[in-house]
Amino acid sequence: MLKRTHSSAPDKQSRASPMLKRLFLERRKSMGMIEKLENQILNLENVMIAVDTAKNNAAVFEAYKNATQVLKDQNRSMGSLEDVEQVLDSLNAEVDTAEEINELLGQANPQVEALDREAEAELENLTR
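A brief report on the enclosed structure follows. All values reported here derive from a predicted model rather than from experimental measurement. (Residues numbered from 1 in each chain as written. Predicted model: local features only at pLDDT ≥ 70, side-chain atom pairs only at ≥ 80, totals over all residues. Heavy atoms only, no water.)

Considering the pattern of salt bridges
The condition is simple: We count a salt bridge whenever a side-chain nitrogen from Lys or Arg sits within 4 Å of a carboxyl oxygen from Asp or Glu. The secondary structure listing takes helices from DSSP runs of H or I that are at least 4 residues long and strands from runs of E that are at least 2 residues long, numbered from the N terminus. We call a residue buried when its accessible area falls under 20% of the maximum for its residue type, exposed when it is over 50%, and partly exposed in between, using a 1.4 Å probe and counting protein chains only.
Per the counting criterion, the structure on display carries 3 salt bridges. Of the charged contacts in the structure, one is a salt bridge between Lys65 and Glu62, with a shortest N-O distance of 3.5 Å. Highlighted residues: Lys65 and Glu62, both in helix H1 (residues 8-77), separated by 3 residues, approximately one helical turn. According to the relative accessible area criterion, Glu62 is partly exposed, its value standing at 37%. Asp73 is paired through a salt bridge with Arg76; the nearest N and O atoms lie 3.6 Å apart. Of this pair, Asp73 and Arg76 both sit in helix H1, 3 residues apart, which is roughly one turn of that helix. Among the residues examined, Arg76 registers a relative accessible area of 58% and is labelled exposed.

As structure tokens, then:
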């Protein structure tokens, strides 16, 4: 049987040490690449969020423009402010007239009251 000498142990250690160093460096290099890729993905996600936000802002702006045009068209169809004031004044006058008519019609008429009394008396005579 051959006896091992102590000289072979340092030889294995010296061969293992460069291999471990190389593996460690490769692992460190891989970790650095992974970190860079993660940062790139994060940057791309931020860009995508910014693009989506810009699209949403553009859509909101377009909606504002459309709403402004619709309001402008509606306001033009009603005429000037003086026309609107004149229509409202006329409306208020007509409402006042309708209320006056209602009040006049609601007042007691002496002739109608006399007829009502006669009709009640006749009804009472018939029911006796």
